[in-house]
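This is what each chain is made of:
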Amino acid sequence: MKKKAFLLAPAVALGLTAMAAAPAMADHAEGSYSTMLEEVNNSGASGEAWVDVNGSEATVTIKTSGLAETFKDGPYPHVQHVHIGAQGTCPTMADDANGDGIISTPEGAPAYGSVGTTLSLKGGTGPAAATDVTVAPSGGSYTYKRTFELNEKTQDALANGTAVAVVHGLNPANQPAAATETMSELAPELPLAATAPALCGPLQMMPAGGADTGVTSAGASSAGNDASEFGMIALGGGLVAAAGAGYVVRRSVVAGRK
Ligand SMILES: [Cu+2]
């Protein structure tokens, strides 16, 4: 009996270690992710993104406003992606490596990584479609919604917390001269402004049942969630409650002495 328990303990410990270190399996991405899209390059834009993963399928919703409206004489195309494989963060002006006043897409890569999924309107959703402006949503404000097979690299990045939603395309009118004088490293036929990031947000898992697009996640229910993050929040709340109780006790002691 004693020997059996002795053998069991290391096996359990090993199992836990393996779970933490193993690359995320596809079904670990199951769930809903969202982010507030913050402006990059002083684009003046704002937005929000949701990714609902069901099995290997994802429904992605992107809402934007304040983006560049027109390019030449047509609506301004905004290529958009889920970037993966780096810090899972958004770049800051400190990432403007060449100092031209614009964070280009490659300059942002140390923060958000490379293209894992292209959020195109139709056709392919892989990295190959990344700069295809003909399948990009367009205009200053839009709602994009599409359901498609999500590749495993992007699923893994969502599960690992390293997936970042990025919307590209700057208005040259509010950018330094380099925006139009320099061509894009990604699409040499386009000016730098066309492919530089305008909006960015790290995709984070939402509480269960909180995937209702159009409603801010702040009020979402977290009932019955098994994610460790919520365990941490519950624990934090408990600590705050305990500290509060101590404060009340101490105060009543002081009051009693009066
Ligand atoms: Cu991108």
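Each remark here, short or long, concerns the structure printed above.
Not measured: the values here are computed from a predicted model.

Asks: Can you help me understand the environment of S56 in this one?
Replies: Positionally, S56 belongs in the loop between β2 (46-54) and β3 (57-65). Classification of S56 by relative accessible area gives partly exposed; the value is 34%. Between the C-alpha atom of S56 and that of N151, which follows or precedes it by 95 residues, the distance is 7.5 Å. In contact with S56, not counting residues within four places along its chain, are F148, E149, L150 and Q155. In terms of polar contacts, S56 uses its side chain to reach the side chain of E149, at 2.9 Å.

Asks: Explanation requested: helix α2 (residues 105-112) in the structure shown.
Replies: Residues spaced three or four apart along an α-helix point in a common direction, a consequence of the helix completing one turn every 3.6 residues. Of the residues making up α2, those classed as buried are T105, E107, G108, A111 and Y112. Projected down its long axis, α2 shows its buried positions confined to an angular sector of 150°, all on one face. For α2, the secondary structure elements touched by its buried residues are β6 (80-84), β7 (114-118), β9 (164-168), α5 (192-195) and β10 (197-202). After α2 finishes, the residue G113 shows a positive phi value of roughly 85°.

Asks: Looking at this model, I keep getting lost on the coordination of the copper ion. Mind explaining?
Replies: Under ideal tetrahedral coordination, the four donors around a metal are separated by 109.5 degrees; under ideal octahedral coordination, the six donors are separated by 90 or 180 degrees. The protein atoms donating to the copper ion are H81 (ND1), H83 (NE2) and H168 (NE2), with metal-donor distances spanning 1.9 Å. Look at where the donors of the copper ion fall in the sequence and you get H-x1-H-x84-H. For the pair formed by H81 and H83, the shared burial category is buried.

Asks: Just to check I follow, could you spell out helix α3 (residues 152-160) for this structure?
Replies: All of the buried residues along α3 are T154, Q155, D156, A157 and L158. Contact partners of the buried residues in α3: β1 (31-39), β2, β6 and β7. Residue G161 follows α3 closely and has a positive phi angle near 75°.

Asks: Where do I start with the side chain of T105 in this structure?
Replies: Mapped onto the fold, T105 is located in helix α2. Residues within four places of T105 in sequence aside, it is in contact with H83, Y112, H168, L186, T195, A196 and P197.

Asks: It is not clear to me how the packing of aromatic side chains should be interpreted in this structure. Could you clarify?
Replies: This structure, assessed with the given rule, holds one aromatic pair. Ring geometry for F71 and Y76: centres 5.5 Å apart, planes at 65°, overall edge-to-face. The class of F71 is partly exposed, set by a relative accessible area of 23%.

Conventions we followed
Residues numbered from 1 in each chain as written. Predicted model: local features only at pLDDT ≥ 70, side-chain atom pairs only at ≥ 80, totals over all residues. Heavy atoms only, no water. Helix = DSSP H or I, 4+ residues; strand = E, 2+ residues; numbered from the N terminus. Buried < 20%, exposed > 50% of the residue type's maximum accessible area, 1.4 Å probe, protein only. Contact = heavy atoms within 4.5 Å. Polar contact = N/O pair within 3.5 Å; in protein donor to acceptor, adjacent residues only side chain to side chain. Arc of directions from axis to C-beta. Donors = N, O, S within 2.8 Å, 3.2 Å for Na, K, Ca; no water. Phe/Tyr/Trp six-rings, centres within 6.5 Å; stacked < 30°, edge-to-face > 60°.

Treat this as a map of the structure, not an account of what it does.
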